Amino acid sequence: VTSKIIETRVYDGQKPGTSGLRKAVRIFMQEHYTENFIQAILQALGEQLLGSTLVVGGDGRYYGKEVVRKIIRIAAANGVKKLIVGQNGILSTPAVSTIIRKYKTLGGIVLTASHNPGGPDADFGIKFNCENGGPAPDTVTNKIYEITKVLKNYKIIPDIAIDIDKIHSTTIQVDENPFTVEIIDSVDDYLEHMKNIFDFSSIKTLLQGSNDRPAFKVLINAMNGVTGPYVRRIFSHELGVSDSSIVNVTPLEDFGGLHPDPNLTYAKDLVDAIKNGPYDFGAAFDGDGDRNMILGKNAFFVTPSDSLAVLAANLNSIPYFKKTGIKGYARSMPTGAAIDRVAAKTGVKLYEVPTGWKYFGNLMDAGHLSLCGEESFGTGSDHIREKDGIWACLAWLSVVANLGKSVEDILLNHWQTYGRNFFTRYDYENCDSEAANKMMHHIESEIQKPEFMGSKLTSGSKTYVVKLGDNYSYVDLIDGSQASKQGLRILFQDGSRIIYRLSGTGSSGATIRVYVDSYEDDPASLNKDAQEVLKPLVTIALEISKLREFTDRDAPTVIT
Ligand code: VG1
Ligand code: CO
């Protein structure tokens, strides 16, 4: 067969955000829209594209299979030699990262809008991951965007029809060159990787119980997202948990109407089930499987920032890190600084990067990082170059198996040792974009006034002294690339912080995120409710920003 050149028109706004291009499905469905973006990704790869292999898969959301077929046709016409495609178009984000690295491909295309709802009236997304298995850095996404702004045509072979539901390999001749599509099992490579990282038999003993310990009862909720097949294979087939302990494990195109974001608001089902049931542990994952939420008995909530710190302090529970050693830790800037305490106490280097997993990649590739995480329910390590929900759950179970304590006791002991960083994030979703921008400008001008530094901010009986206010910028240690305007920060003298950011993953309007982090080491405070402890700082954050005045919002949509 031979390729065709299709004339197209430029679509504005194909600029990838924090994690790829995310828009409403109906926007992707416009004539040539998706084709343009795929062509731009391929073109951005330059000459390396010829004869290359790429991985393709996604979270199973509506429109995904259609786009897999488009990618097959466009890749064939652009000189790609081979595509490795997940069966039914299904691959979790961590699985894509695993497969890129294992087969040393040039990269992968992930079809996901992560935790955004799916279905004909909801969101779709396309993300490119590079040959290290990680999300494309800004240099690459900017290149893609520049191409979308001038694209005149794309190449396609319209009549290739390959059954992506069946595991098999097909090779066709394209302009005399072989082009292969290999449809693979979605889970095999990822499962093999997890088995090499963790001690499955000790986790199995924990979950099944032994002579000296009753079974540790878990409830795993895949939220009708991509992790369903992975949860089935790993928790049910390999670790032997009963079918009633794994729920929502069939990937659905609309996630069954769920908002597949594992937090206390959108995973309320899991929270209630754990509260009312016999469970010692609960976990949920987002649509594409890179986020996780961890709960203990009675739905004891482990904040992602604490989760990261606890894992850091206990990496010796996991065989992988016994082999690799602990190279360093990292967190995104707004993430609570609990892990900083672990790093300081254990003499391990700690890095801070802007929001988004792509900023961890270079440090990991250079061998500086073992563990990293974000407050947005993302935890992961250098086993791949994405955050990894199931990995985080297995990591937690390894720690529990090793320490022989409940989740709550593990946290209490941790706080006793390191002190506690109270953390909360307020999200104001779907605000008017102009109002949100105005508010950010207002905050920026306030915190950059010379007299702001050293000023005292008071709420109730609490007074905080400002150490610094700025717009966070970052220079990558490895390649010197810069990222600026990554969030407005107010740092206080006692180490407390207030941070304001606009989300870069939404598909419409603006989402304002307000992050508040405060450290306490008074033993009497360790058990307190985070919302109560942080109330004065939250009040200050809302006052400085004039958030109510600018947005007309009385309360956040989501608190985590
Ligand atoms: C959000 C989170 C960020 C995360 C990103 C992608 O970005 O805050 O920490 O890396 O989502 O997560 P933003 O720009 O909306 O704040 V996911 O699960 O899409 O891969
Ligand atoms: Co995700």
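Owing to the predicted nature of the structure, the values given are computational and were not obtained by experimental measurement.

Undergrad: Summarise the overall build of the protein; cite the residues concerned and give the values.
TA: Counting secondary structure elements, the protein contains 18 helices and 27 strands. In terms of principal-axis extent, the alpha carbons of the protein reach across some 75 × 65 × 40 Å. By the burial criterion, 60% of the 560 residues in the protein qualify as buried. For the protein, restricting intrachain contacts to residue pairs at least 6 apart in sequence, the fraction spanning at least 24 positions comes to 71%. A total of about 21,500 Å² of accessible surface is found on the protein, and carbon and sulfur atoms cover 47% of it. Looking at charge distribution, the protein has the averaged site of its 60 positive side-chain charges lying 2 Å from that of its 67 negative ones.

Undergrad: Can you lay out the site of ligand 1 for me, pointing to particular residues and giving the numbers?
TA: Near ligand 1 you find 19 residues, and of these Thr18, Arg22, Ser114, Ser376 and Thr505 are the closest. Within the side chain of Arg291, one N or O atom sits 2.7 Å away from an oxygen atom of ligand 1. In this structure, an oxygen atom belonging to ligand 1 sits 2.6 Å away from a side-chain N or O atom of Ser503. A majority-of-atoms criterion places ligand 1 in the largest cavity. Classifying every residue of the shell around ligand 1 by side-chain character gives no nonpolar, 10 polar and nine charged.

Undergrad: Summarise the coordination of the cobalt ion (ligand 2); cite the residues concerned and give the values.
TA: Those donors, Ser114 (OG), Asp286 (OD), Asp288 (OD) and Asp290 (OD), are the protein atoms that reach the cobalt ion (ligand 2), and they lie 2.0 to 2.1 Å from it. Site description for the cobalt ion (ligand 2): donor spacing in sequence, S-x171-D-x1-D-x1-D. Under the relative-accessibility criterion, Asp286 is labelled buried at 0%.

Undergrad: Talk me through the sheet that holds strand β17 (residues 371-374); I want residue IDs and the actual numbers.
TA: Strands sit in the order β16-β15-β17-β18 across an open sheet of four strands; the sheet is mixed. Of all the strands in the sheet, just β16 (350-353) and β18 (378-381) have a single pairing partner and so form its edges. The sheet shows a mean angle of 15° between the axes of neighbouring strands, direction not considered. Here three bridges tie strand β15 (residues 329-332) to β17, and the two strands are oriented parallel to one another. If you follow Arg331 over to β17, its bridge partner there is Gly373. Against the sheet, helix α10 (residues 304-313) engages β15, β17 and β18, with an angle of about 170° to β17. Sitting on the sheet, helix α12 (residues 338-346) is in contact with β15, β16 and β17, with an inclination near 160° to β15.

Undergrad: Please provide a residue-by-residue account of empty space enclosed by the protein, values included.
TA: Here the structure, examined in full by the defined rule, presents four cavities of 30 Å³ or more. Put simply, the largest cavity is a space of about 250 Å³. The wall of the largest cavity is formed by 26 residues, among which Thr18, Arg291, Glu374, Lys387 and Thr505 lie closest to the centre. Residues belonging to the lining of the largest cavity are distributed by class as follows: three nonpolar, 10 polar and 13 charged. Put simply, the second largest cavity is a space of about 90 Å³. Those elements that place two or more of their residues in the lining of the second largest cavity are α2 (33-44), β6 (123-129) and α5 (138-150). It is β6 that provides the largest number of residues to the lining of the second largest cavity, a total of three residues. Here the residues of the lining of the second largest cavity sort into eight nonpolar, five polar and two charged.

Undergrad: Residues and numbers for the nonpolar core, please.
TA: Phe235, Trp391 and Trp396 are the most contacted members of the largest nonpolar core, which has 73 residues in total. Of the residues forming this core, the biggest block, 11 residues, is contributed by helix α14 (residues 389-403). The residue makeup of this core includes at least three contributed by each of domain 1 (4-186) and domain 2 (189-418). Discounting residues that sit within four places of it in the chain, Trp391 has contacts with Tyr190, Met194, Ile197, Phe198, Leu311, Phe321, Leu371, Thr379, Gly380, Ser381 and His383. In terms of nonpolar packing, the next biggest core, distinct from the first, is built from 48 residues, Phe28, Ala40, Leu42 and Leu111 among them.

Undergrad: Could you give an account of the pairing of strand β13 (residues 292-296), naming the residues involved and the relevant values?
TA: Working note: regular strand, side chains alternate between the two faces of the sheet. The buried count for β13 comes to five of five residues, which makes it a mostly enclosed element. The two faces of β13 match: Asn292, Ile294 and Gly296 on one face and Met293 and Leu295 on the other face are all buried. Strand direction decides the pairing type here: strand β12 (residues 281-285) and β13, joined by five bridges, are antiparallel. Each bridged residue has a counterpart across the sheet, and for Ala283 the counterpart in β13 is Ile294. Between β12 and β13, which pair antiparallel one after the other, the connecting turn spans six residues, and Gly289 there sits at a positive phi close to 85°. Bridge count between β13 and strand β14 (residues 301-302): two bridges; the pairing is antiparallel. Bridge pairing in β14 places Leu295 opposite Phe301. Hairpin connection, β13 to β14: the antiparallel pair is bridged by four residues, and Asn298 has positive phi, about 55°.

Cut-off values and rules
- Residues numbered from 1 in each chain as written.
- Chains lettered and ligands numbered in written order.
- Predicted model: local features only at pLDDT ≥ 70, side-chain atom pairs only at ≥ 80, totals over all residues.
- Heavy atoms only, no water.
- Helix = DSSP H or I, 4+ residues; strand = E, 2+ residues; numbered from the N terminus.
- Buried < 20%, exposed > 50% of the residue type's maximum accessible area, 1.4 Å probe, protein only.
- Contact = heavy atoms within 4.5 Å.
- Areas by Shrake-Rupley, 256 points an atom, 1.4 Å probe, with all protein chains shown as cover.
- Lys, Arg positive; Asp, Glu negative; His and termini not counted.
- Charge placed at Lys NZ, Arg CZ, Asp CG, Glu CD.
- Near = heavy atom within 4 Å.
- Polar contact = N/O pair within 3.5 Å; in protein donor to acceptor, adjacent residues only side chain to side chain.
- 1 Å grid on protein atoms, 1.4 Å probe; cavity = no way out; pocket = protein on both sides within 12 Å on 5 of 7 lines; lining within 4 Å.
- Sits in = over half its atoms within 2 Å of the grid points.
- Nonpolar A, V, L, I, M, F, W, Y, C, P; charged D, E, K, R; others polar.
- Donors = N, O, S within 2.8 Å, 3.2 Å for Na, K, Ca; no water.
- Pairing = 2+ DSSP bridges.
- Axes fitted to C-alpha atoms, helices over the stretch in contact; angles between N-to-C directions.
- Points joined across faces, edges and corners; volume = space filled by probe spheres on them.
- Core = buried A, V, L, I, M, F, W, Y, C linked by side-chain atoms within 4.5 Å.
- Domains from an automatic or database assignment.

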